[in-house]
Amino acid sequence: MIYLGTISYGIYVYHNFIPSVMYKTLGFRSIADVLKLPYAWPLDSLLKGIIAISVAALSWHFFERPINNLKRYFKYKEDRSSKKVAASA
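Residues numbered from 1 in each chain as written. Predicted model: local features only at pLDDT ≥ 70, side-chain atom pairs only at ≥ 80, totals over all residues. Heavy atoms only, no water.

Engineer: Quick question: what am I supposed to make of the packing of aromatic side chains here?
Structural biologist: Enumeration according to the criterion identifies 1 aromatic pair in this entry. Between Y9 and Y12 the ring centres are 6.1 Å apart and the planes differ by 40°, which places this aromatic pair in the tilted class. On the criterion of helical spacing, the pair formed by Y9 and Y12 is a turn pair, its members being 3 residues apart in helix α2 (residues 8–14). Assessed through its relative accessible area of 57%, Y9 is described here as exposed. Its relative accessible area of 57% is what places Y12 among the exposed residues. (Phe/Tyr/Trp six-rings, centres within 6.5 Å; stacked < 30°, edge-to-face > 60°. Helix = DSSP H or I, 4+ residues; strand = E, 2+ residues; numbered from the N terminus. Buried < 20%, exposed > 50% of the residue type's maximum accessible area, 1.4 Å probe, protein only.)

Written as structure tokens, this is what we have:
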């Protein structure tokens, strides 16, 4: 579960593109089209979810984590929330 939390933003970003990519590359919109079953949407949702999690995991390991590792080379500005704000009279 912690790992899914780590890649959750990738799942959020990529899940919407999975159906259109499947249609454009494989030529079908859902598993129901392939299996010729009218009520195959649970299997279709499961397959698209697995693909989205796989793509998000690949994105995390090969794209997002290397970029996050660059943070150590940049200094952050001082946190402004800890400063006291002067009271206006």
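Engineer: Can you walk me through a nonpolar patch on the surface in this structure?
Structural biologist: Together, V34, L35, L37, L43, L46 and I50 give the surface a local cluster of nonpolar side chains, amounting to about 540 Å² of exposed area. The element contributing the most residues to the nonpolar patch is helix α5 (residues 41–68), with 3 residues. Looking at the element boundaries, V34 is found in helix α4 (residues 31–35). (Patch = residues over 30% accessible without salt bridge, like charges linked within 9 Å, V, L, I, M, F, W, Y side chains within 5 Å. Areas by Shrake-Rupley, 256 points an atom, 1.4 Å probe, with all protein chains shown as cover. Salt bridge = Lys/Arg side-chain N within 4 Å of Asp/Glu carboxyl O.)

Engineer: Help me out: how do you make sense of the pattern of salt bridges in this one?
Structural biologist: Applying the stated rule across the entire model yields 1 salt bridge. Linking K48 and D44 is a salt bridge whose minimum nitrogen-to-oxygen distance equals 3.0 Å. Taken together, the residues span about one helical turn, with K48 and D44 both in helix α5 at a distance of 4 residues. Residue class for K48 comes out buried when judged on its relative accessible area of 16%.

Engineer: Explanation requested: the side chain of S59 in the structure shown.
Structural biologist: Tracing the backbone shows S59 in helix α5. Take S59: its relative accessible area is 9%, and that puts it in the buried class. Setting aside residues up to four positions removed in sequence, S59 forms contacts with Y14 and E64. (Contact = heavy atoms within 4.5 Å.)

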